[in-house]
Each structure stands twice: as C-alpha cells, then as structure tokens.
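Residue strings, one per chain:
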Amino acid sequence: MSVATFVDSHCHLDRLNLDAHDGDFAAMMAASEEAGVSHMLCIGVDLETFPNVQALAEQYPHVFASVGVHPLYKESREPSVAELLERAAHPKVIAIGETGLDYFYAKEERDWQKRYFIAHIQAARETGLPLVVHTRGAKDDTLNLLREHGGGEVKGVLHCFTEDLDMALQAIDLGFYISISGIVTFRNAQSLRDTVKALPIEKLLIETDSPWLAPVPFRGKPNEPRFVANVAECVAELKGVTVEQLGQITADNFFTLFEKAQR
C-alpha cells in the first residue's frame, strides 16, 4: 500500500529545531518525504530573514516561499507595497504574507498592524497572488479590511485557524480557504473540531506551522513538516474520508489556490 501524500501549506523551514535529526536539515527533509509530504510552503515572517526562505525554495524543487511581515513582528522593517511586489516576482514566491491582525497578543497595537496588513492586501491585489493571513481575536477588522482593500480581487487562506465558524464561512465567501493545524488534535479544541466538521472539504488546507504547535501525540515537542500526516488523520476522521482522500483533496485545494506553484 502506498503512503498517503500531503502538502504542508504553512511551515517555517528556516526556524526548525533539528535536534531530532542531529542537526541535519537534509535528514529532516528525508523524514518528511518518507511521511508522505510532497510539497511545502515555507512562510516569510519578516523582510530581514526572507533571503533564507527564498534560498530554501531555490534549493528544493518541492518547496515554495511567501514574502511578508507577521503582525507580531513590529521590530521588522515596515513592508512597502513596492518591496513586496519586487520580492514576489521571484518564480518560487507563490504568496504574500504571513500578514494579518493579532489582537490576542497585541491588542493595543492595532494601528501599525492595520497599516502593514493593508500594504500586503494591496500587494496581493496587484500581483494576483494569494494572501496568507494570521488572524486572532480580530474577526471584524480582518474581514472588513479584506473587503475594503481587496475589492473582491484578493483570495488567500486563513492559516492555523482557531476562530469561529461564522468567520470561516465569511472568509470562504470572500474567496479564502481555511487551513487547519495541529491544534485540531488538542484535547481542548472541540470547538475547532466542530468547525472543521461544518466546513466544506473543498475549502480546507492542512499545515504544521512548524516549529510550533506539534500535533498530538507530539504536543510539546518541536514540530516539523512530517507531522502534517497527524493533522491529516484527525481532519480525515472529522470529515468522514480516508487519510489518502484527505491528502489528495487538500493537495488539490492547495494547487487550486496557489496557482503559481508547480506540482
């Protein structure tokens, strides 16, 4: 029986803890391949370290990159639309972000978060590339800014989704996908599992967000792309499909959304 294949739609390969592989990045990548991970999207979180993300995408044919500034990275250089456009022209850069709003950890710092987010939305609109959106505790502002500045022309994904079903459905109506991380396996995540059950499978992606948020049974340990298989197992059970089917559907969803990516 062949191993199911998966796309890790959101990981931070440049920030992984490689202790489990004796510090060997190639060994980690081999372990991911053995677990069935066919492609990965390595996410940029600031402009200073983006060259590392780009280099990994250049080195590995099955790795893609995004460019952006995370909403909690205030110390990073502010992104201009022009710089985002310039870096997004690289053939392996398939998305704008990680961007968005986080009022859970930075609720008093909304002005600059909104300003950064709007720049990313404008860049996505001009390039036609999808947005990778981080949103936490900022439902109304996230959706309103996407509507106001996206002009109905911006698509993307709400990554590592933990908000409510209503937000997910509104985002889907705007042309967004919903990406599920290892949080779905956590004991205290029943509301998220209920949300996943209610969402259309053709709008779901899976991810690790590694090196953070390792799924059960690895919770508390450094996360890595191979553990996306555990996320897939949980989501497959919730959706009433086989792991192989879940892997195929979410992979198809990934390449439908990220049109610039090549299988």
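Residues numbered from 1 in each chain as written. Predicted model: local features only at pLDDT ≥ 70, side-chain atom pairs only at ≥ 80, totals over all residues. Heavy atoms only, no water.

Details of the packing of helix H5 (residues 139–150) against helix H6 (residues 165–173)
Item 1. Their axes nearest at 11 Å, the elements H5 and H6 cross at an angle of 5 degrees. Between H5 and H6, the angle falls in the class roughly parallel. Residues Lys 139, Thr 142, Leu 143 and Arg 147 of H5 form the contact with H6, whose participating residues are Asp 166, Met 167, Gln 170 and Ala 171.
Item 2. Its residues assigned to classes, the contact of H5 with H6 comprises 3 nonpolar, 2 polar and 3 charged. (Axes fitted to C-alpha atoms, helices over the stretch in contact; angles between N-to-C directions. Helix = DSSP H or I, 4+ residues; strand = E, 2+ residues; numbered from the N terminus. Parallel < 35°, antiparallel > 145°, perpendicular 65-115°, else oblique. Contact = heavy atoms within 4.5 Å. Nonpolar A, V, L, I, M, F, W, Y, C, P; charged D, E, K, R; others polar.)

As for the UniProt feature "binding site: a divalent metal cation 2" (unreviewed entry) in the protein chain
Item 1. When the UniProt feature table is mapped onto this chain numbering, "binding site: a divalent metal cation 2" (unreviewed entry) sits at His 134 and His 159. Across 26 residues in sequence, these annotated residues keep their C-alpha atoms within 5.9 Å of one another, forming a single compact spot. Lining the largest cavity, from the residues just named, are His 159.
Item 2. If you trace the backbone, His 134 turns up in strand E5 (residues 131–136).
Item 3. His 134 sits in the buried class, given a relative accessible area of 14%.
Item 4. Residues within four places of His 134 in sequence aside, it is in contact with His 70, Pro 71, Glu 98, Thr 99, Gly 100, Leu 101, Asp 102 and His 159.
Item 5. Examined against the element boundaries, His 159 turns out to sit in the loop between strand E6 (156–158) and H6. (UniProt positions renumbered as here; feature names shortened; annotations may be inferred. 1 Å grid on protein atoms, 1.4 Å probe; cavity = no way out; pocket = protein on both sides within 12 Å on 5 of 7 lines; lining within 4 Å. Buried < 20%, exposed > 50% of the residue type's maximum accessible area, 1.4 Å probe, protein only.)

So, the packing of aromatic side chains
Two measures describe an aromatic ring pair: the distance that separates the ring centres and the angle between the ring planes.
Item 1. One pass over the structure, following the stated rule, counts 8 aromatic pairs.
Item 2. Pairing Phe 64 with Phe 255 gives two aromatic rings, centres 6.5 Å apart and planes at 85 degrees, and the pair type is edge-to-face. You can see Phe 64 sitting in strand E3 (residues 63–67) and its partner Phe 255 sitting in helix H9 (residues 243–257), a full 191 residues away along the chain.
Item 3. With a relative accessible area of 11%, Phe 255 lands in the buried category.
Item 4. Ring geometry for Phe 104 and Tyr 105: centres 4.9 Å apart, planes at 85 degrees, overall edge-to-face.
Item 5. Judged by its relative accessible area of 58%, Tyr 105 falls in the exposed class.
Item 6. An aromatic cluster is present here, built from Phe 64, Phe 254, Phe 255 and Phe 258 joined pairwise through their rings.
Item 7. The cationic tip of Lys 203 hangs over the ring face of Tyr 177; the distance from NZ or CZ to the ring centre is 4.5 Å.
Item 8. For Arg 219, the ring lying beneath its charged end belongs to Phe 186, and the centroid distance is 3.7 Å. (Phe/Tyr/Trp six-rings, centres within 6.5 Å; stacked < 30°, edge-to-face > 60°. Lys NZ or Arg CZ within 6 Å of the ring centre and 35° of its normal.)

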